[in-house]
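Chain by chain, the residues run as shown.
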Amino acid sequence: MGKYLIINADDFGVSKSVNEAIINLLNKNKISSATLMPNVNYYDEAAKWAVENSSNIGLHLTFLNDDTKFKYRSLSRSKSLEDENGYLLDDRRKFSKSLKLRDIKKEIDMQFKKLEDSGVKISHVDIHRYALYPTYNPIVYLYLCKKCRQKGRLPI
């Protein structure tokens, strides 16, 4: 078996400039794939391009905000996933302590559904800011593994 190098660009959809950079790199075959964030400001632009131009677009599950000026909300608007202002938390430990299993399952399902409803054929899944690692949230991670298996054995 040969060796392969996969270069994936995260955060597709986060901003106009990130979208332009990722699209440029994908068009020039400088990267292998990208992962699309479903609850960000430039999602629609990125999803439209992905549907028309690429089969190597994954789901970038987004449960945490970055330490930037950009702030996002959960699709489910679940209180256990958001701060007092209705935005996703930006601290992984706080997220892990506050999340409720039913809320995170609902959010995972909604993020998958949003890409699917947009026509994006999800090729793989990754997780923004390491929010769901087996050691941090093993029950939730197992749910995600089951979900990916149901969706055609998507790699995580």
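Along each chain, the written sequence defines residue order, and numbers are assigned to residues from 1. The model is predicted, so local features are restricted to residues of pLDDT at least 70 and side-chain atom pairs to those at 80 or more, both for listing and for counting; the totals for chains, interfaces and linings are taken over all residues. Here the side-chain values reflect all heavy atoms present in the structure, with hydrogen atoms and water set aside.

Participant: Go over the environment of valine 18 with me, naming the residues and quoting the values.
Facilitator: A run of DSSP states H or I qualifies as a helix once it reaches four residues; a run of E qualifies as a strand once it reaches two. Both are numbered from the N-terminal end. Its location among the elements puts valine 18 in helix 1 (residues 16–27). The classification of residues rests on relative accessible area computed with a 1.4 Å probe and restricted to protein chains. Under 20% of the type maximum is buried, over 50% is exposed, and intermediate values are partly exposed. On the basis of relative accessible area, valine 18 is assigned to the partly exposed category, the value being 24%. A sequence separation of 113 residues divides valine 18 from alanine 131, and the C-alpha atoms of the two residues are 21 Å apart.

Participant: Before we move on, could you go through a nonpolar patch on the surface and cite the residues and values that matter?
Facilitator: Patches draw on residues past 30% relative accessible area with no salt bridge. Two like charges within 9 Å are joined, as are two nonpolar side chains (Val, Leu, Ile, Met, Phe, Trp, Tyr) within 5 Å. Here the accessible surface of atoms and residues is derived via Shrake-Rupley with a 1.4 Å probe, and residues count as covered only by protein chains that are part of the display. When a carboxyl oxygen of Asp or Glu lies within 4 Å of a side-chain nitrogen of Lys or Arg, that pair is called a salt bridge. Together, Met1, Tyr4 and Ile6 make up a nonpolar patch on the protein surface, roughly 540 Å² of accessible area in all. Structurally, methionine 1 is set in the segment before strand 1 (8–12).

Participant: Break down the sheet that holds strand 3 (residues 57–61) for me, with residues and values.
Facilitator: We treat two strands as partners when DSSP finds at least two bridges between them. In space, the four strands of this open sheet follow the order 1-2-3-4, with parallel pairing throughout. Two strands bound the open sheet, and with one partner strand each, they are strand 1 and strand 4 (122–127). Adjacent strand axes in the sheet meet at a mean angle of 30° when their direction is disregarded. Any pair of residues with heavy atoms lying within 4.5 Å of one another is described as a contacting pair. Angles here are taken between N-to-C directions and fall from 0 to 180 degrees, while the axes themselves are lines fitted to C-alpha atoms, restricted in helices to the stretch in contact. Taken strand by strand, helix 2 (residues 43–53) contacts strand 1, strand 2 (33–36) and strand 3, and its axis lies near 140° from that of strand 2.

Participant: Tell me what's going on with the packing of aromatic side chains, and back it up with residues and numbers.
Facilitator: Ring geometry is summarised as follows: Phe, Tyr and Trp rings, the Trp one being its six-membered ring, pair when their centres sit within 6.5 Å, and such pairs are stacked at plane angles under 30 degrees, edge-to-face over 60 and tilted between the two. Within the structure shown, the criterion is met by two aromatic pairs. On the basis of an interplanar angle of 80° and a centroid distance of 6.2 Å, the ring pair of phenylalanine 12 and tryptophan 49 is categorised as edge-to-face. Placement of the pair is phenylalanine 12 in strand 1 and tryptophan 49 in helix 2, with a sequence separation of 37 residues. Here phenylalanine 63 and phenylalanine 95 contribute two aromatic rings whose centre-to-centre distance is 6.0 Å and whose plane-to-plane angle is 15°, an arrangement assigned as stacked.

Participant: An account of the pattern of salt bridges is needed here, citing residue identities and associated values.
Facilitator: Tallied over the entire structure, the rule returns eight salt bridges. Note that arginine 102 and aspartate 103 form a salt bridge whose closest N and O atoms lie 3.9 Å from each other.

Participant: Lay out unusual backbone geometry in plain terms, naming residues and giving numbers.
Facilitator: If you check the backbone angles, asparagine 29 has positive phi at about 55° while not being a glycine. Structurally, asparagine 29 is set in the loop between helix 1 and strand 2. The backbone of tyrosine 130 shows a phi angle near 55°, a positive value even though the residue is not glycine. Assignment of secondary structure puts tyrosine 130 in the loop between strand 4 and helix 5 (138–150).

Participant: Got a sec to walk through the pairing of strand 2? Specific residues and values, please.
Facilitator: Neither face of strand 2 is left uncovered, since the one carrying Ser33 and Thr35 and the one carrying Ala34 and Leu36 both have all their residues buried. Crossover handedness is defined by viewing with both strands directed away from the observer: a clockwise path from the first strand over the helix to the second marks the crossover as right-handed. In this view, the connection linking strand 1 to its parallel neighbour strand 2 by way of helix 1 has right-handed handedness. As judged from the three bridges shared by strand 2 and strand 3, these two strands associate in the parallel manner. Paired with threonine 35 across the bridge in strand 3 is glycine 58. Between the parallel pair strand 2 and strand 3, the chain is carried across by helix 2, and the sense of this crossover is right-handed.

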